[in-house]
Amino acid sequence: MVLDKYFGFMRIQDEGSVLELFIDHTLIDEEEIHLLHHMIEAMCGGKYDDIQSLYMKIRTIANDSKRIYETISDQIIQANFNHQRQYDLLRLQQRIEAISVLIIATAKRILILYRTKTQLPESMYKLLLELSEKTVEIHKTFSKALTLFTGSKQEVIEHIHKIEHQENYIDHVRSECLEKLYLIGNEGEIKMGSFMIIQEIIEHIEDISDKIEESARSLDWLLLS
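Below is a short write-up of the structure. (Residues numbered from 1 in each chain as written. Predicted model: local features only at pLDDT ≥ 70, side-chain atom pairs only at ≥ 80, totals over all residues. Heavy atoms only, no water.)

As a further point, take the packing of helix α4 (residues 125-148) against helix α5 (residues 153-186). Put simply, α4 and α5 touch, their axes get as near as 9 Å, and they point 165° apart. When the axis of α4 is compared with that of α5, the two are roughly antiparallel. The way α4 lies across α5 gives a crossing that is left-handed. Considering only residue class, the contact of α4 with α5 consists of 13 nonpolar, four polar and ten charged. (Axes fitted to C-alpha atoms, helices over the stretch in contact; angles between N-to-C directions. Helix = DSSP H or I, 4+ residues; strand = E, 2+ residues; numbered from the N terminus. Parallel < 35°, antiparallel > 145°, perpendicular 65-115°, else oblique. Left-handed = near helix turned anticlockwise from the far one by under 90°. Nonpolar A, V, L, I, M, F, W, Y, C, P; charged D, E, K, R; others polar.)

We now examine the pattern of salt bridges. Applying the stated criterion across every chain yields a total of nine salt bridges. With a shortest N-O distance of 3.1 Å, R91 and D88 are connected by a salt bridge. Within this pair, R91 and its partner D88 are both found in helix α3 (residues 83-115), separated by three residues, close to a single helical turn. The partner of K211 in a salt bridge is E214, and the shortest N-O contact between them spans 3.3 Å. In this pair, K211 and E214 both sit in helix α6 (residues 192-224), three residues apart, roughly one turn of the helix. Classification of K211 by relative accessible area gives partly exposed; the value is 27%. (Salt bridge = Lys/Arg side-chain N within 4 Å of Asp/Glu carboxyl O. Buried < 20%, exposed > 50% of the residue type's maximum accessible area, 1.4 Å probe, protein only.)

Honestly, that's just the spatial picture; any functional story needs more than this.
Here it is in structure tokens:
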């Protein structure tokens, strides 16, 4: 994994090395998001036996991600940045880490759905898969913005604007998912516990996109400072 390149071998000397670590952290998050999407595909495809193993993979990656977060934060604090730059870098780092935290939180709720033998209503498959797919896409856009940061500022700004549009659409799909769930709930097709865990899964997926947008805004602040 990319983290092996840095632990014990790299010390932050300048902003470029910080951004390189951010990019690697984001690549790890990308792997987590793809695994989360596979969990949702398994949930929609009735392949419930795959959910446990996919969750364990995400959990392992999340533990490594936490180690990266702690290492990068310590090195930013110890590096010779002025107070404002240090604050801006730490804020971006915290928001990137929040993405990873929400991914594992979402995965845990899908695991609960599996353990409680809850069946996702078939009428929700298409919307939930779209919500997940769009979250994968918005994260790719953020990852690209990070890699462009030391190059073209205009391209970074364009990617940030794209992220804002993507998040707005994800919010729309989230609303459609909830509307469908509420209709199913009103018709008495699912039990209260099942209703609650499905609602939390929907909300947590959208929360991931929110954190990605917040991270993009922090990147925007770095461009201005």
